[in-house]
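# Structure at a glance
Spelled out, the chains give:
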Amino acid sequence: MKNILPRLGLLAAAVTLLTACPSEKPAEVATPPAATQAHPTPAFNADSAYAFTAKQVAFGPRVPNSKAHIACGNYLVAKLKQFGLTVREQPFEAMTFDGTQIKGRNIIAQYQPTAARRIALFAHWDTRPFADADKEHKNAPMDGASDGASAVAAALEIARVLSLQPDSLAPNVGIDIMLMDAEDWGHEDSTQSDIKDQLDETNGNSSWCLGSQYWAKHLVPAGYKAEYGILFDMVGAKGGHFTREGTSLNNARSVVDKIWNTAAKLGYSDYFLFKDTGAILDDHVYTNQAGVPTVDIYDHPAFGEEYFPAYHHATGDNMSIIDRKTLKAVGQTVLQVLYQE
Ligand SMILES: [Zn+2]
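Residues numbered from 1 in each chain as written. Predicted model: local features only at pLDDT ≥ 70, side-chain atom pairs only at ≥ 80, totals over all residues. Heavy atoms only, no water.

What follows deals with the environment of Leu266. Turning to its location among the elements, Leu266 is positioned in the loop between α5 (246–265) and β7 (272–277). Sequence separation of Leu266 and Ala329 is 63 residues, and the distance between their C-alpha atoms is 8.4 Å. (Helix = DSSP H or I, 4+ residues; strand = E, 2+ residues; numbered from the N terminus.)

Structure below.
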């Protein structure tokens, strides 16, 4: 992801005008339908989420076209199937800004696939091919422990927890785990000004988020709709902070409020800061365009002008920075949000 939005087409907020017809009959006194009882929220297991993070990192950098990328993708598909979700793969081909033709695949896994009300959890599972923000090793590959693996791990752990719930204690919504590919092979002006971007980035196209751009144009499942989406991106680092990001506020302010208020009730306000920050370019730009109002939970420094933490797109993004407490704060908060529906 990057911190400057390209020129996007108008993200027109759909305004629905509801016309109230005056009733001719006196209102009947009816008992309102009993709200479907919310079941107690199960525990998000931080050890398990940590292990899912380490497992992905152990494949090596998950750079599209690499063996590690294919192997990790196969692992994620198998794991989601093992948890009983209905899994679809969406292969696609794309060209990156440096002219590389890549084969990607988005992985779409549905829990309670027939439930009418749905909530999507998004994360990207690829890693950036070079640590261009690194002070010394700009061309080195990077582990993407937080930027990539931690986010997928949070979604996987939620899938695992859901799979253990008896039907009688299931949440009232279906949940879709959407693992997007090729998010992170984008052109970054501040570190790659010497490299020409070969892509046409007009009309809302970008060299970032290639998987979610493809998905937004070719929805899987066809005609996909969800009440809202939550994007995880870099949710595993020690001392992580999550601010209220601009595009999320513009498209899904009520969901931002719901998540941040839930985090506060659970005692996680040290992580979820009630601080509004500028828009970034991340997968949620395209999932919002696809009609899923989406909130981005991403690691933003608590103070200063930087949009991203020091480990971002640097070799320091490895398992040494992963902290179970951060994974727990994010995972438990989102699980609680899902169970409150
Ligand atoms: Zn990244």
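Right, let's talk about the coordination of the zinc ion for a bit. Taken together, Asp147 (OD), Asp184 (OD), Asp184 (OD) and His313 (NE2) make up the full set of protein donors to the zinc ion, lying 2.0 to 2.5 Å away. Its four donor atoms give the zinc ion angles of 57 to 150° at the centre, a pattern that matches the irregular case. Between the donor residues of the zinc ion, the gaps in sequence give the motif D-x36-D-x128-H. Linking Asp147 in helix α3 (residues 145–164) with Asp184 in the loop between β4 (174–180) and α4 (210–217), this pair joins segments that are 37 residues apart in sequence. As far as burial versus exposure is concerned, Asp147 and Asp184 are alike and both buried. (Donors = N, O, S within 2.8 Å, 3.2 Å for Na, K, Ca; no water. Tetrahedral: all angles 85-135°; square planar, octahedral: opposite > 155°, others 65-115°. Buried < 20%, exposed > 50% of the residue type's maximum accessible area, 1.4 Å probe, protein only.)

Before going further, it helps to spend a moment on the sheet that holds strand β3 (residues 118–124). Reading across from one edge, β1-β2-β4-β3-β5-β8 is the order of the six strands in this open sheet, with mixed pairing throughout. Where the open sheet ends on each side, the last strands, each with one partner, are β1 (86–95) and β8 (294–298). Neighbour-to-neighbour, the strand axes of this sheet turn through a mean angle of 20°, independent of strand direction. With four bridges joining them, β3 and strand β5 (residues 228–233) adopt parallel strand pairing. Bridge assignment links Leu121 to a residue of β5, and that residue is Ile230. Helix-sheet contacts for α4 involve β1, β2 (101–111), β3 and β4, and the interaxial angle to β1 is about 110°. Most of the contacts of helix α7 (residues 324–340) go to β5, to which it runs at about 175°, and overall it touches β3, β4, β5 and β8. (Pairing = 2+ DSSP bridges. Axes fitted to C-alpha atoms, helices over the stretch in contact; angles between N-to-C directions. Contact = heavy atoms within 4.5 Å.)

All right, on to the pattern of salt bridges then. Applying the stated criterion to the full structure yields 11 salt bridges. Linking Glu93 and Lys103 is a salt bridge whose minimum nitrogen-to-oxygen distance equals 3.4 Å. Here the residue Glu93 occupies a position in strand β1, and Lys103 occupies one in strand β2, the gap between them amounting to 10 residues. No difference in accessibility class separates Glu93 from Lys103, as the two residues are exposed. A salt bridge links Arg244 to Asp276; the nearest nitrogen and oxygen atoms lie 2.9 Å apart. Of this pair, Arg244 sits in strand β6 (residues 242–245) while Asp276 sits in strand β7, placing them 32 residues apart in sequence. Among the residues examined, Asp276 registers a relative accessible area of 49% and is labelled partly exposed. Residues joined in a network through salt bridges with shared partners are Arg117, Glu227, Lys258 and Glu341. (Salt bridge = Lys/Arg side-chain N within 4 Å of Asp/Glu carboxyl O.)

At a minimum axis distance of 9 Å, the contact between α5 and α7 shows a crossing angle of 115°. Crossing geometry of α5 relative to α7 is assigned as right-handed. Facing Lys258, Ile259, Thr262 and Ala263 of α5, the residues of α7 in contact are Thr333, Gln336, Val337 and Gln340. Taken together, the residues that form the contact of α5 with α7 break down as three nonpolar, four polar and one charged. (Left-handed = near helix turned anticlockwise from the far one by under 90°. Nonpolar A, V, L, I, M, F, W, Y, C, P; charged D, E, K, R; others polar.)

Among the six residues in β5, six count as buried, and that is most of the element. A two-sided burial pattern is seen for β5, the buried positions comprising Tyr228, Ile230 and Phe232 on one face and Gly229, Leu231 and Asp233 on the other. Across five bridges, β5 lies against β8 in parallel orientation. Counted as the bridge partner of Phe232 is Ile297 from β8.

Geometric values such as these leave the question of function open.
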